[in-house]
Amino acid sequence: QVQLVESGGGLVQVGGSLRLSCAASGSILSIYDMGWYRQAPGKQRELVAKLTSGGTTTYADSVKGRFTISRDNAKNTVYLQMNSLKPEDTAVYYCNTNGRTDWGSRFTSWGQGTQVTVSS
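A quick note: this is a predicted structure, and the numbers were derived from the prediction, not measured. Throughout this description, residue numbers start from 1 for each chain and increase along the sequence as written. Per-residue local features are limited, in this predicted model, to residues with pLDDT of at least 70; the limit for side-chain atom pairs, both in listing and counting, is 80 or more; totals at the level of whole chains, interfaces and linings are taken over all residues. The basis for the side-chain values is all heavy atoms of the structure; hydrogens and waters are excluded.

### Let's talk about the packing of aromatic side chains
Move 1: Two rings from Phe, Tyr or Trp (for Trp, the six-membered ring) form a pair when their centres are within 6.5 Å of each other. A pair whose planes differ by under 30 degrees is stacked, one over 60 is edge-to-face, and the rest are tilted. What the rule picks out here adds up to 1 aromatic pair.
Move 2: Lysine NZ or arginine CZ positioned within 6 Å of the ring centre and within 35 degrees of the ring normal marks a charge as sitting over the ring. Over the aromatic face of Tyr79 sits the side chain of Arg19, whose NZ or CZ is 4.1 Å from the ring centroid.
Move 3: Lying over the aromatic face of Tyr94, Arg45 brings its terminal NZ or CZ to 3.8 Å of the ring centre.

### Thoughts on the pattern of salt bridges
Move 1: The rule for a salt bridge is simple: a side-chain nitrogen of Lys or Arg has to be within 4 Å of a carboxyl oxygen of Asp or Glu. Summed over all chains, the structure comprises 4 salt bridges.
Move 2: The partner of Asp89 in a salt bridge is Arg38, and the shortest N-O contact between them spans 3.0 Å. One end of the pair, Asp89, is in the loop between strand E8 (77-82) and strand E9 (91-101); the other, Arg38, is in strand E4 (residues 28-39), and 51 residues separate them in sequence.
Move 3: Note on exposure labels: buried denotes an accessible area under 20% of the residue type's maximum, exposed denotes more than 50%, and partly exposed covers the range between, all computed with a 1.4 Å probe on protein chains only. We classify Asp89 as buried; its relative accessible area is 1%.
Move 4: Judged by its relative accessible area of 6%, Arg38 is buried.
Move 5: Across the pair Arg66 and Asp89 runs a salt bridge whose closest N-O atoms are separated by 2.7 Å. One end of the pair, Arg66, is in the loop between strand E6 (57-59) and strand E7 (67-72); the other, Asp89, is in the loop between E8 and E9, and 23 residues separate them in sequence. To qualify as a helix, a DSSP run of H or I must reach at least 4 residues; to qualify as a strand, a run of E must reach at least 2; elements of each kind are numbered from the N terminus.

### A few points about unusual backbone geometry
Move 1: Residue Asn76 is not a glycine yet carries a positive backbone phi of 50 degrees.
Move 2: By secondary structure assignment, the location of Asn76 is in the loop between E7 and E8.
Move 3: For Asn76, a relative accessible area of 26% gives the class partly exposed.
Move 4: Of note in this structure, Ser84 is not a glycine but carries a positive phi near 50 degrees.
Move 5: Residue Ser84 is classed as partly exposed on the basis of its relative accessible area, which comes to 41%.

### Brief notes about the state of the cysteines
Move 1: Here, the term disulfide refers to a pair of cysteine sulfur atoms separated by no more than 2.5 Å. Enumeration over the complete set of coordinates arrives at 1 disulfide.
Move 2: Each sulfur in the disulfide pair Cys22 and Cys95 lies 2.0 Å from the other. Residues Cys22 and Cys95 are joined through a disulfide that is left-handed, its torsion about the S-S bond being -85 degrees. Note that Cys22 is positioned in strand E3 (residues 18-25) and Cys95 in strand E9, a separation of 73 residues in sequence. Each member of the pair, Cys22 as well as Cys95, carries the same accessibility label: buried.

### Quick look at the sheet that holds E8
Move 1: Strand order in the open sheet made by the 4 strands is E1-E3-E8-E7, with antiparallel pairing throughout. Single-partner strands in this sheet number two, and they are strand E1 (3-7) and E7. Mean inter-strand twist for the sheet, computed between neighbouring axes without regard to direction, equals 15 degrees.
Move 2: Bridge analysis of E3 against E8 gives 6 bridges, and the strand direction is antiparallel. When DSSP finds two or more bridges between two strands, those strands count as paired. Axis lines are fitted to C-alpha atoms, over the contacting stretch for helices. Their N-to-C directions set the angle, which ranges from 0 to 180 degrees.

Now the structure itself:
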């Protein structure tokens with residue numbers, strides 16, 4: 001089925017930057033949106049940023065102005081540029097996409113998650 005492969009996580013210092021990538025592959029007719037969620041220790045999973053096929057972006061208030069979501073449509077890849085990182089950004093980040101398969105069925109897929117750790 002549709003698979004998402006994430007990369008780019010790691011350990012950074014406060015104020016540093018990191019760029020996450022997520023590539024979707026499979027029998028994809030169209031992608032409605034791609035986005036990033038995160039789950040910090042002891043916290044619920046939350047939406048970080050989302051990008052629709054039409055170019056509409058959504059950001060969590062906590063990351064607005066610091067994070068930027070972008071895409072490469074030809075590669076079905078979404079990126080999350082994270083700047084001015086804070087310890088509160090420490091979490092496992094999950095890529096998510098929603099769309100339609102080649103046969104017209106709706107799908108939703110999740111990446112395996114990538115750890116982002118921001119040292120204080």
